[in-house]
Structure formats: C-alpha cells, structure tokens
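Structural features, examined
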Amino acid sequence: MNCLRGQRAAVYLWLLLGLLWTTSAAAAQPNIVLVFIDDMGWADFSSFGNTDAATSHIDRLAAEGIAFEHFYVNSPICSPSRVAITTGHYPQRWGITSHISHKRLNEERGMAQWLDPAAPTLARGLKNAGYATGHFGKWHMGGTDDQSDAPPITEYGFDASLTNFEGIGPKLLHEMIYPDEDGNEARYRFVESAETQLGGPVTWMDRSQITSGYVDAALEFVDAARSDNKPFYINLWPDDVHDPFIPPIDQWRDSDRERFLVVLQEMDRQLAPLFDRIREDPALRGNTLIIICSDNGHVPGGGSGGPFKGYKTMLYEGGIRSPLIVWAPGLMDNAVTGSRNKSSVLAAIDLVPSLLALADAKRPPGPRYDGEDVLGTLLGKSSDSRQAPLFFARPPDRKAFYGFEDLPDLAVRSGNWKLLCDYDGGRPRLYDIVADPGESRNIADAHPDVTASLVRHVTTWYRALPEKS
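Residues numbered from 1 in each chain as written. Predicted model: local features only at pLDDT ≥ 70, side-chain atom pairs only at ≥ 80, totals over all residues. Heavy atoms only, no water.

Let's shift gears to the sheet that holds strand β15 (residues 417–421). Taking strand neighbours across the sheet as the criterion, the four strands line up as β13-β14-β15-β16 in an open arrangement whose pairing is antiparallel. Each end of this open sheet is capped by a strand with a single partner; those strands are β13 (390–393) and β16 (429–432). Taken pair by pair, the neighbouring strands of this sheet meet at an average axis angle of 15°, ignoring direction. Two strands pair when backbone bridges link them, and β13 and strand β14 (residues 410–414) are joined in this way by four bridges, in the antiparallel orientation. Considered in β14, the bridge of F391 is made with V412. (Pairing = 2+ DSSP bridges. Helix = DSSP H or I, 4+ residues; strand = E, 2+ residues; numbered from the N terminus. Axes fitted to C-alpha atoms, helices over the stretch in contact; angles between N-to-C directions.)

Encoded structure:
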C-alpha cells in the first residue's frame, strides 16, 4: 500500500513539474532572430517566384510560417534602411539619408557621420529586458573608411558583435578568390585598410563563405545565452548578394546574373545550420521568432524585383518593397502556418515596437517611434495593416541612377494608393499599387483630390524632418 502511495506521489510530482515547466515555457520571453539581407530583390527567394535558383532552407521557414507580400523597408539604400529597422524611426530623423561613406562625402551630403549611440535601439530595449544581444554581419551605420573614431557596435545595446569593413569591432574581412584571365586562382583582399583602422580582432575569410563565419558565431552565442538562461536577440545581416558577386571558385560563372544565383543559393545553404539548430531543438522551436527580409531592392544584372519597377536607390516598388518571412511555430496558430498575407501593409520601422511588445520590454528613452505595433499581424492573429501612411525620401545623391533620369524625390503609400512627386510636390504620379504593381499607369489626373491630399501629406512630412544642410 505504501509502495502504491509512493508511486502515486511520484506521478503527481512529475505532473506538477510538467505543469510548472509548461507554464514557465509559455511565460518565457521569446528568442528573436532578424535576418536582414543586403541588396536582395523582392522576387529572389524561390518562395517569392525565383525559378532560376532554389532557396530551400529559407523556403522551408516560409512553409512553416507566414510570407508577407506588402512589406516595405524605409529607404532604398543600405545605411538609412538599417537605421530604420534598428530604431523604429524614419532614418532622416537621425540625419542618415544615404550610404555612410568617408567623412568629407558625408558632410557634403548633409549627413551624420554615424548613428547616434543614444538612439532608442531595439537591442538596447531588449537588453534592458534581460536579453542577450548579438550582431553578426554587415553594420554600415558608422565605422567605415576614415571613421576610426565611430562608436563600436556594442555601444548600441549589443553584448557581442562580429562585422565586416563597415563597423567598429571584431570582424571578418573579405578575401576575394576568383579566376584570373588565364583561369588561375587569384586573390584580392577587399578594403585591406580596415584591418588596422576599424577595430579588431580581424580574420580574413573567403568572401564566398563569409556568412558561414557569422552563423558559426551566432551559434556559439545561442549556446552561451542558453547556458546563462537568457533569451536571445540576434541580428544576422549577411552581405553575400551585394555586388560584386563572388561564388566559390569551383562554381564560377561568366555573367553577373549567373554568379548572383550561385551566391544566393550559397547564402541559403550557409544560413541553414542556424535555422536547423532552432528548428530541431524543441525548446527553441517553440519559443523563437525568425524574421527574414532585405534592406533594399536589387541591382541591375543581379537579383529580381519580379513585377516591380526600379532598383536599389529608387522609390519605385523595386527599390523599397521587400519579401518578408516570419517563422514562429510556437507562437502562431497552426491554421496560419504556410500562409501568404497578400494585403497587410507593414514596414521595417514597425518591427521595433512589435518585437518590444513580443518581449514585454519597455521602450528605451527617446523620441516616439514612427513604427507601429503590428505584432498581431506578424503572428497571423490579425490581417490589419499599419494605420499611418508610409513616407519615403530618396537618397539625396541619387537623382539619376541605373539609367533612370530625374527620379522622384518623395513617395507615400496609403492604403491602395502610391504617390511619387518631387520635393515641392511637382510632377505627381499616382498609382493604384494593388491593381498596378508595376507603376505603369499614372492616374493622378483622374483622381485630383487623392493626388492633392497625398502630395500635401508627403511634403508636410518631409518639411517637418530635421533641417537638411
């Protein structure tokens, strides 16, 4: 009898422990991984229409999560786009309007030299809430060329970092390995000055394999965070598909497009160990959110914008619309996994307040976010769009580029409407962007009231931004 009672007590104890573990796991702050890919077009994932290359590991996440078709980044060029997804603000608020370069060129364009380290970054908000925070990959928000005095990445709320030649701190630098004119192996160390001027330690690495270096560091970071019983936030920001496209030398191809496709597939393969680590660990699978998107559109001859007009640096859809994949099987209802959201309008600035809400973290001190909390939509619990219109300003040094002349200066997306115009509101072009995603039919004359309203909104927004020099 005593034996039976003891067995029952043991069973009850195990049930109680199981209940406590389940309750604790449900209450635990979710881990967050943000994969922000450099210069990739909207249609470059095979899950977004690429029939020339297979991104099978990323596509698997889409098949287990949600793919969003109306997601925007907040600039068509790298540095300001990265500022937006880091701060939840339009990047113009921080004086970063184009790619950060050497100090004289930044001054000539009226730009800040680097992102103010006092900005209310997502990493700082999550770190304050108990997260381990790590950045692995391209930075480009300060610390390039002659900016040896820029703040290190760890001053923005990160516990650890590993970057390239566009950030201060430990880094992997690119060694280009390619066939020369005679077909022999040639090597070139890209931006060699970064080794001595922009912090360290430094490791030179085959450019075609460099994402694997960032992934290895991220995997070590995951293990350390779990050992410390901390949730983790990871930036994994690869730059493989930024030109020049350097595939493994044994897979070299003659054209930019062919090399791009090899590099794209290599990036997908090199990201897979991190995805697999999370997918195959029940605790991580049930409590981790992975977000994948691009920082801006593709360059000619490389990626593809699918149905969209324009390229990187432009305010046409091809420059600012990005694929978005959200994977979080433990946080999503099974009914929405593998679905496509074809209507909700979301933006990179919305990720900061949304992810802070997911983590139950407080906003760091600083200006009110331009982004909105759209967590319910990201997790498939709602199909709501952000409420406010989205505004865009082109890089000031890119009025003409990639064969386009006299490019529009400003853009706004509001509901189904997309309007482009110049700084003074001139030359308005209005599109029903749902019916005409290629921006081929200017219907401004047919809708004068809508045109006038959107011109007023976007020019008012632009004039209210910090003064441009």
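Having seen it, we continue.
Here we come to the side chain of K418. Within the secondary structure layout, K418 lies in strand β15. Separated by 2.8 Å, the side chains of K418 and E317 make a polar contact. Within the structure, the side chain of K418 is placed 2.9 Å from the side chain of E439, a separation counted as a polar contact. Leaving out residues up to four positions away in the same chain, K418 has contacts with L315, Y316, E317, I320, A411, V412, R429, L430, Y431, I433 and E439. (Polar contact = N/O pair within 3.5 Å; in protein donor to acceptor, adjacent residues only side chain to side chain. Contact = heavy atoms within 4.5 Å.)

Once that is clear, we can look at the nonpolar core. Counting residues in each nonpolar core, the largest one holds 49 residues, and the members touching the most others are L126, Y233 and L289. In terms of residue count, helix α11 (residues 351–358) provides more of this core than any other element does, five residues in total. With sequence-adjacent residues up to four places away left out, Y233 is seen in contact with I32, L34, L122, A123, L126, Y131, A132, T133, G134, F158 and F221. Counting 48 residues, the second-largest nonpolar core is a separate cluster that includes A53, I58, F221 and L271. (Core = buried A, V, L, I, M, F, W, Y, C linked by side-chain atoms within 4.5 Å. Buried < 20%, exposed > 50% of the residue type's maximum accessible area, 1.4 Å probe, protein only.)

What follows deals with the packing of helix α7 (residues 210–227) against helix α8 (residues 256–280). The geometry of α7 relative to α8 is characterised by a closest axis approach of 7 Å and an angle of 20° between their N-to-C directions. The angle between α7 and α8 falls in the class roughly parallel. Crossing of α7 over α8 shows left-handed handedness. Here α7 contributes I210, T211, S212, V215, A218, L219, V222, D223 and R226 to the contact with α8, which in turn contributes Q270, L271, P273, L274 and R277. Classifying every residue of the contact of α7 with α8 gives eight nonpolar, three polar and three charged. (Parallel < 35°, antiparallel > 145°, perpendicular 65-115°, else oblique. Left-handed = near helix turned anticlockwise from the far one by under 90°. Nonpolar A, V, L, I, M, F, W, Y, C, P; charged D, E, K, R; others polar.)

With seven of seven residues buried, strand β9 (residues 288–294) is to be regarded as a mostly interior element. Of the two faces of β9, the one carrying T288, I290, I292 and S294 and the one carrying L289, I291 and C293 are both buried. With seven bridges joining them, strand β1 (residues 31–37) and β9 adopt parallel strand pairing. Each bridged residue has a counterpart across the sheet, and for I37 the counterpart in β9 is S294. With four bridges joining them, β9 and strand β10 (residues 321–327) adopt antiparallel strand pairing. Its bridge partner lying in β10, I290 is registered against W327.

Let us now look at the side chain of T133. Turning to its location among the elements, T133 is positioned in strand β3 (residues 132–137). Polar side-chain contacts of T133 include one of 2.7 Å to the backbone oxygen of G157. If near-sequence neighbours (up to four positions away) are discounted, T133 is found in contact with A123, L126, K127, G157, F158, D159, A160, F221 and Y233.

Okay, the confidence of the model for the chain next. Looking at the chain as a whole, the pLDDT averages 94, with 94% of positions reaching at least 70. The model gives residues 6–26 a pLDDT under 50, and that stretch makes one contact with residues more than four places away or in other chains. (pLDDT = per-residue confidence, 0-100.)

Turning our eyes to something else, we now look at the sheet that holds strand β6 (residues 185–189). Strand order in the open sheet formed by three strands is β6-β5-β7, and the pairing between neighbours is mixed. Strand pairing shows two members of the sheet lacking a second neighbour, β6 and β7 (202–206), which therefore form its edges. Here the average twist between neighbouring strands, direction ignored, is 30°. Sheet analysis places strand β5 (residues 171–179) next to β6, joined by five bridges and oriented antiparallel. Note on β6: the bridge partner recorded for P179 is E185.

Computed from the structure, the second largest pocket encloses a volume of approximately 400 Å³. Forming the boundary of the second largest pocket are 26 residues, of which H140, F165, E166, F190 and H242 lie nearest the centre. (1 Å grid on protein atoms, 1.4 Å probe; cavity = no way out; pocket = protein on both sides within 12 Å on 5 of 7 lines; lining within 4 Å. Points joined across faces, edges and corners; volume = space filled by probe spheres on them.)

Looking now at unusual backbone geometry. The amide bond that connects G200 to the next residue, P201, takes the cis arrangement and shows omega of 5°. Along the polypeptide, P201 turns up in the loop between α6 (194–197) and β7. With an omega of 0°, the peptide bond running from D243 to P244 counts as cis. Along the chain, the position of P244 falls in the loop between β8 (232–237) and α8. Even without being glycine, Y402 reaches a positive phi, approximately 50°.

Once that is clear, we can look at the packing of aromatic side chains. Counted by the stated rule, this structure contains 21 aromatic pairs. With a centroid separation of 5.2 Å and an interplanar angle of 90°, the aromatic rings of W42 and F48 are classed as edge-to-face. With a relative accessible area of 9%, W42 lands in the buried category. Its relative accessible area of 5% is what places F48 among the buried residues. Aromatic pair W461 and Y462: ring centres 6.4 Å apart, planes at 50°, arrangement tilted. In this pair, the class of W461 matches that of Y462, namely buried. In textbook terms, an aromatic cluster arises when at least three aromatic residues are bridged by ring pairs, as seen for Y90, F391, Y423, W461 and Y462. Cation over ring: R340 sits above F48, and NZ or CZ is 4.6 Å from the ring centre. Positioned above the aromatic ring of Y369, the side-chain terminus of R363 is 5.7 Å from the ring centre. (Phe/Tyr/Trp six-rings, centres within 6.5 Å; stacked < 30°, edge-to-face > 60°. Lys NZ or Arg CZ within 6 Å of the ring centre and 35° of its normal.)

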